[in-house]
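Close look at the chain arrangement
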Amino acid sequence: MELMQRVFFTALSALTVCYALIKFSLGYWKRRGILHEKPKFLWGNIKGVVSGKRHISEALHTIYESYKGRAPFVGCYALLKPYILVLDLKLAQQILVSHAGHFTSRGLYNNVDLEPLSGNLLQLDGHKWRSLHAQSSQVFTNSNIQKLLPRLLQLSRQLQFRLGEQKLQGLNISKLVNGYNTDVIAALAYGLLGEEPQFNQLTHCYWQNFSLWRNYLALEFPLLARLFQHRSYEPSVMDYFHKLALTQLDQQRRRDRQPLQTFLQLYTQAELRETQIAAQAFSFILAGLSPLNATLSFCLYELALQPELQERLRTEINKVLGQHKGELTAECLQDLIYAKQTLKETLRLHTPYAFLIRRTTKDFEVAKSVFMLARGNNIVIPVAAIHRDPSIYADPLRFDPDRFNPSAELNRSAMSFLPFGAGLRGCIAQQFAEKQLLIGLVNLLQHHKYAPCAETQIPLQYDTRKLLLVPKVDIQLSVERVSC
Ligand code: HEM
């Protein structure tokens, strides 16, 4: 009996301590006297997100809509972790660009000793990020990307080959564009020359046991995650990508005086160590594959629903190609104005990275406010909500590439369009990704026409179990070859 009592009182005390700690954590903004969204016990302001009932972008949108115009930022909580949600584009500009030196961290979990490939730019912070970023910036220069263009063009021709002559009622567009983007990553990031079925298969498996729950917990309690040796990725798959990069680097060393064909060569020239290169090659899969796939699939979906826009775009493609002797050169890509507008509009309406995060690394005084962003504060910029703000984009749910014609763009703040982030920690591969998307789109549309079919999900839904904004089910469309 005495033992039972002891157990009961110990459990009660533990629960009381937990309750008090949770209440204390969720009282952070109140104690600082900062305007905030009232948190729910344990969940903060993201109830339904970790269980996959709603996407994080929806939760952020709701807060943004409720508070916009009332203050430059509002406090909120992701589970127990306090975040500052930015409401004002001027503040976003300071955080991302003009005062980026105060916000150089993201605060994502990484464990390089346990998972060497987590030593990529996206996940690293502090001095490790800083020196890697300085070296990697030499890789993604305009001139290097131009040099890789011929190989990219060569790979993109496979798309037309795969589409072929047939008329198809239900073509899986998501699979088709995944084939193209995976081929590009296999060839340019890993230097693979031919088909490598295992590579294609494993690019889907690195998050095989991905659990929103476990990853949110690792983000909330990085010290505990480290103590319990939390792994973000499937170990056998990580092992494959790590070894593959090392093997390819070894083969590259044996070949003398190769023309520039891969990012592996560029990383080697930038003097990264082998494991660092393996981690950066992996970041093409980690940071690039899903948003590239989603953007091309969403784009064809929108064009299938609006045949007149699709026709206008195809006409531009054929006209511009005609002016460049049918060759997709760097100059030709520059002239594809409407195609670029269409991709931008896709990234606005269906923003794969629906939010950006930063951690304050030095105290920062917010202009026209008595409050300060204190060192260690976590910040979220709700990009998808900004992209759908009716005071910035009228009738925001309508897909209209003309929103990005040059004069319309001039009238908006640069911070109103952030699909690649911005500033010091913006997407390092933006220029390359934009080329990959544009070249892919030209090859998809030049000789083929798309329309909805019985299998097309309209309206499309997002996968609420993923961190990025991607379609819930594969996008399927009917496709037909057209003569130009
Ligand atoms: C449509 C395609 C892509 C989109 C929409 C996209 C978007 C983004 C965004 C929003 C960020 C965070 C920026 C910030 O916090 O300000 C980011 C970071 C990053 N992206 Fe991309 N990305 C794409 C493709 C790629 C590709 C192909 C790579 C290949 C290497 C890549 C590599 C990275 C890396 C390494 C970072 C972290 C940069 C740093 O923190 O220094 N991304 N990307």
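Residues numbered from 1 in each chain as written. Predicted model: local features only at pLDDT ≥ 70, side-chain atom pairs only at ≥ 80, totals over all residues. Heavy atoms only, no water.

Burial along strand 8 (residues 448–451) is one-sided: the residues His448 and Tyr450 are buried and none of Lys449 and Ala451 is. Here strand 8 runs beside strand 9 (residues 476–481); their pairing, made up of four bridges, is antiparallel. Bridging from a neighbouring strand, Lys449 pairs with Glu480 of strand 9. (Buried < 20%, exposed > 50% of the residue type's maximum accessible area, 1.4 Å probe, protein only. Helix = DSSP H or I, 4+ residues; strand = E, 2+ residues; numbered from the N terminus. Pairing = 2+ DSSP bridges.)

Counting protein donors to the iron atom of the ligand gives just one, Cys427 (SG), placed at 2.4 Å. Along the chain, the position of Cys427 falls in the loop between helix 18 (406–410) and helix 19 (430–445). (Donors = N, O, S within 2.8 Å, 3.2 Å for Na, K, Ca; no water.)

This paragraph deals with the sheet that holds strand 2 (residues 81–86). Adjacent strands of a sheet form backbone hydrogen bonds with each other and so pair up, either parallel or antiparallel. Taken in spatial order, the four strands line up as 1-2-7-4 in an open sheet, and their pairing is mixed. Pairing within the sheet leaves two strands with one partner each, and these edge strands are strand 1 (73–78) and strand 4 (356–359). With direction set aside, neighbouring strand axes in the sheet form an average angle of 30°. Sheet topology places strand 4 next to strand 7 (residues 378–381); four bridges connect them, and they run antiparallel. Directly across from Arg359, in strand 7, lies its bridge partner Asn378. Of the strands in this sheet, strand 1, strand 2, strand 4 and strand 7 touch helix 4 (residues 89–98), which is tilted by about 120° from strand 7. (Axes fitted to C-alpha atoms, helices over the stretch in contact; angles between N-to-C directions. Contact = heavy atoms within 4.5 Å.)

Our focus in this paragraph is the nonpolar core. Within the largest apolar cluster, 101 residues are counted, with the highest numbers of intra-cluster contacts made by Tyr190, Phe199, Phe241, Phe263, Phe282 and Tyr450. At 18 residues, helix 13 (residues 274–305) tops the list of elements feeding residues into this core. Not counting residues up to four positions away in its chain, the partners in contact with Tyr450 are Leu163, Ile173, Leu300, Ala304, Gln310, Arg314, Leu444, Leu445, Leu477, Ser478 and Val479. Core analysis: the second largest hydrophobic core is formed by 48 residues, Val49, Ile56, Cys76 and Leu96 among them. (Core = buried A, V, L, I, M, F, W, Y, C linked by side-chain atoms within 4.5 Å.)

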